[in-house]
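Commentary on secondary and tertiary structure
Below, each chain spelled out in residue letters.
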Amino acid sequence: MIQEVRVFAPASVANVAVGYDILGFAIEKPGDEIVARFSDTPGLRIVSITGDNGRLPYEVEKNTAGYAAQRLLAQWGKAELGIELEIHKKMPFGSGLGSSAASAAGAVMAIKSLLGSSATKMQCMRAAVEGEQKADGAFHADNVAPSLLGGFTLIRSNKALDIISLPVPNDLCAAVIYPKVEVLTKSARDILSPQLSLTTCIAQTGNLAAFISSLYTGDFELMARSLQDVWIEPQRASLIPYFKEVQEAAKANHALGCSISGAGPSIFALCRGISQAEKCIEPMRAIFQKAGIPHQTYVSAINQTGATLINKTN
Ligand code: HSE
């Protein structure tokens, strides 16, 4: 019988320019690791958190990973099981790369793996989203879904968690830069106008529909024409220093499209092939380098496996 598991859950890019709160994809790195093991003491406990500089709570109910695990165990009528959790943060907080979602997705995958459950990842989704909700109060799965399932995910309804996995064209890669400036998700949401003009709605839905079509057909030219956010990005761009310059540099250097990752401050570009993505990230990086803004870059294929068991001990 399995006694301990270690799970990796990847970072993710939400919104993807054209799908505010409903679209996301997972990247190969960075990501979080969650360890779960059986214990003789009844109940769920968080026994170790690393990589968080002491910022995350050990109380299960207040912790995104802890609460996600607790919700899943309650759903399965196993709340009394003795389980210890370790949370190893291996990605930045507040970066717009779905850090809390990765912890929540990793936690449900760890519980599922430890218990040897045949439940699908989709059946674990609600518990993971409830866990992630502890971070910003909002119930939306645009980071949790790609982190758990991998690939591109489309959310028809966040309330019903009606989630559709979309195909990933061969060769599609991401170049991501995280400038170390603070953008609070709450501020980035509060800044948005509740009004949307008919003209903007028509343009954005056209781009969203065409982008999804391009994922199915692998039509990269259509993808490049579609990856334009005419709704959210114009309202948020000023929150990220040098955003326009970075976007222009990406588009001039092999990017199919470039926009804000989630609520920011990270910026992503989609590219055809890993070498194009590597060429694309350099001029993006040079802008923050010149401005003296510390930053971190990630270039990878689209992660297509989502949260994964990486080790188990019997
Ligand atoms: N879609 C959210 C936003 C961020 O842009 O505010 C990720 O959940």
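The shown structure was predicted, so the numbers you read here are calculated from the model rather than taken from an experiment.

Each value, and the rule that gives it
- Residues numbered from 1 in each chain as written.
- Predicted model: local features only at pLDDT ≥ 70, side-chain atom pairs only at ≥ 80, totals over all residues.
- Heavy atoms only, no water.
- Domains from an automatic or database assignment.
- Contact = heavy atoms within 4.5 Å.
- Buried area = accessible area lost by both parts, 1.4 Å probe.
- Salt bridge = Lys/Arg side-chain N within 4 Å of Asp/Glu carboxyl O.
- Polar contact = N/O pair within 3.5 Å; in protein donor to acceptor, adjacent residues only side chain to side chain.
- Helix = DSSP H or I, 4+ residues; strand = E, 2+ residues; numbered from the N terminus.
- Nonpolar A, V, L, I, M, F, W, Y, C, P; charged D, E, K, R; others polar.
- Buried < 20%, exposed > 50% of the residue type's maximum accessible area, 1.4 Å probe, protein only.
- Pairing = 2+ DSSP bridges.

Let us now look at the domain arrangement of the protein chain. The domain architecture assigned to the protein chain consists of domain 1 (4-166 + 303-313) and domain 2 (172-301). The straight-line distance from the C-alpha centre of domain 1 to that of domain 2 is 24 Å. Listed by partner, the interface residues are 30 residues for domain 1 and 35 residues for domain 2. Carbon and sulfur atoms make up 67% of the area that domain 1 and domain 2 hide from each other, which totals about 2400 Å². Connecting domain 1 to domain 2 are one salt bridge. Between aspartate 21 and arginine 189 there is a salt bridge; the shortest N-O distance is 2.8 Å. The tally of links between domain 1 and domain 2 comes to ten residue pairs in polar contact (both at pLDDT 80 or more). For the side of domain 1 that touches domain 2, the elements supplying multiple residues, two or more each, are strand 1 (4-14), strand 2 (23-38), strand 5 (152-157) and strand 6 (162-166). The greatest single-element share of the side of domain 1 that touches domain 2, amounting to six residues, is contributed by strand 2. A class-by-class count of the residues in the side of domain 1 that touches domain 2 yields 17 nonpolar, nine polar and four charged.

Moving on to the pattern of salt bridges. Taken as a whole and judged by the stated rule, the model has 13 salt bridges. Note that glutamate 4 and arginine 37 form a salt bridge whose closest N and O atoms lie 2.9 Å from each other. Taken as a pair, glutamate 4 in strand 1 and arginine 37 in strand 2 lie far apart in primary sequence, 33 residues in all. Look at glutamate 4 and you get partly exposed, because its relative accessible area is 26%.

Next up on the list: the pairing of strand 8 (residues 255-260). Extensive coverage of strand 8 is indicated by the burial of six of its six residues. Pairing of strand 8 with strand 9 (residues 267-272) involves five bridges; the strand directions are antiparallel. Its bridge partner being in strand 9, serine 259 is matched across the sheet by phenylalanine 268. The turn linking strand 8 back onto strand 9 is made up of six residues, and glycine 262 within it adopts a positive phi angle of 55 degrees.

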